[in-house]
Amino acid sequence: MRILVRTSKWALWSRRLGSFGLPLMLVPVLMHRGGGIDTNSFAIVELLALVVAALALLTGLVAVIRIWFTGDLGWGLALTGLLLGLICLLPLGYFGYAWRTWPMADDVTTDSAASPALVSTLPAAYALPDDPARLAAAFPGVRDRTYPVGARRVYDIALQLVGEQGWAVLQQQPPDIDQPEGDINAVATTLLGFRDEVAIRMTALQDGGTRVSMRSAALAPLHEPGANGRRVESFLAALDDRISQLQQDQSAGAEDDADQPPIPAPAPPRGKRR
């Protein structure tokens, strides 16, 4: 007598839900980054994807338990559903970690008294008010910089760094004799497609140096926790490194010039013999 071994329906549904949830999670990210959907629509679709992923995980767990006791087929299907569900839930775990680690800083600036101006329109109301004390503790590197380098040189280096970051420049104004302040405004896009505006201001000082102020603000109420503070810190750290390298190169060039022996003056021509 042949015993019929069935394939677990729970395992089948787990894989189906996981296979549906993964593209439902990834495709809106690509569309959000490309500007195909707005942030609110992106959030709704991602929430639906998380629900599908949770169902895939739940049905996968039920399938594993039932297969263990009944001996039905479907181990591969159940484990595939579990794996796809976990992959879809990874962004939720990251957001939970980021929420607990960094403040939900909607607008981060190094100069709270006179922040660099933005050219974009900010949301009418942010998700949460910023906590200045927690903000300072979480991002100690968010502060103005002063460099003993001319404002135009600092501006050129900052503009180069903006291009290396892949930020889309909205507006730029280099400093000159008539305008001692230079500005760069750009839009930064996160991995999930959230957009923030970055404003960088270079102010020429009377002693020939430059003061740099920076600001990063979310352009939608929903955004990535901690992204603005980490962006300002990392950019200014990179600017510190570039300015330090510039000073080292200038010092090395001056030392090389000092080590060169003086060029002897040409000898006067001798008179012709008679």
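In this text, all values refer to a predicted model and were calculated from it rather than measured experimentally. (Residues numbered from 1 in each chain as written. Predicted model: local features only at pLDDT ≥ 70, side-chain atom pairs only at ≥ 80, totals over all residues. Heavy atoms only, no water.)

Participant: Tell me about the overall build of the protein chain, and name the residues and values.
Facilitator: In terms of regular secondary structure, the protein chain is built from six helices and six strands. Helices and strands appear in the protein chain in the N-to-C order α-α-α-β-α-β-α-β-β-β-β-α. The 274 residues of the protein chain split such that 38% are buried. Surface exposure of the protein chain reaches about 16,400 Å², of which carbon and sulfur atoms provide 60%. (Helix = DSSP H or I, 4+ residues; strand = E, 2+ residues; numbered from the N terminus. Buried < 20%, exposed > 50% of the residue type's maximum accessible area, 1.4 Å probe, protein only. Areas by Shrake-Rupley, 256 points an atom, 1.4 Å probe, with all protein chains shown as cover.)

Participant: Explain the packing of aromatic side chains to me, using residue names and the numbers behind them.
Facilitator: Using the criterion set out here, one finds two aromatic pairs in the structure. When the centroid spacing of 5.8 Å and the interplanar angle of 85 degrees are considered together, the rings of Phe 42 and Phe 194 count as edge-to-face. Taken together, the positions of Phe 42 in helix 2 (residues 39-70) and Phe 194 in the loop between strand 4 (181-189) and strand 5 (195-204) put the pair 152 residues apart, joining distant regions of the chain. Per residue, the accessibility class of Phe 42 equals that of Phe 194, and both read buried. The interplanar angle of 25 degrees and the centroid separation of 5.4 Å between the aromatic rings of Trp 167 and Phe 235 together place this pair among those described as stacked. Of the two residues, Trp 167 sits in the loop between helix 5 (151-165) and strand 3 (168-173) while Phe 235 sits in helix 6 (residues 227-259), which places them 68 residues apart along the sequence. Per residue, the accessibility class of Trp 167 equals that of Phe 235, and both read buried. The ring of Trp 13 has Arg 16 sitting right over it, with the charged end atom 5.2 Å from the ring centre. (Phe/Tyr/Trp six-rings, centres within 6.5 Å; stacked < 30°, edge-to-face > 60°. Lys NZ or Arg CZ within 6 Å of the ring centre and 35° of its normal.)

Read these as geometric descriptors, not functional statements.
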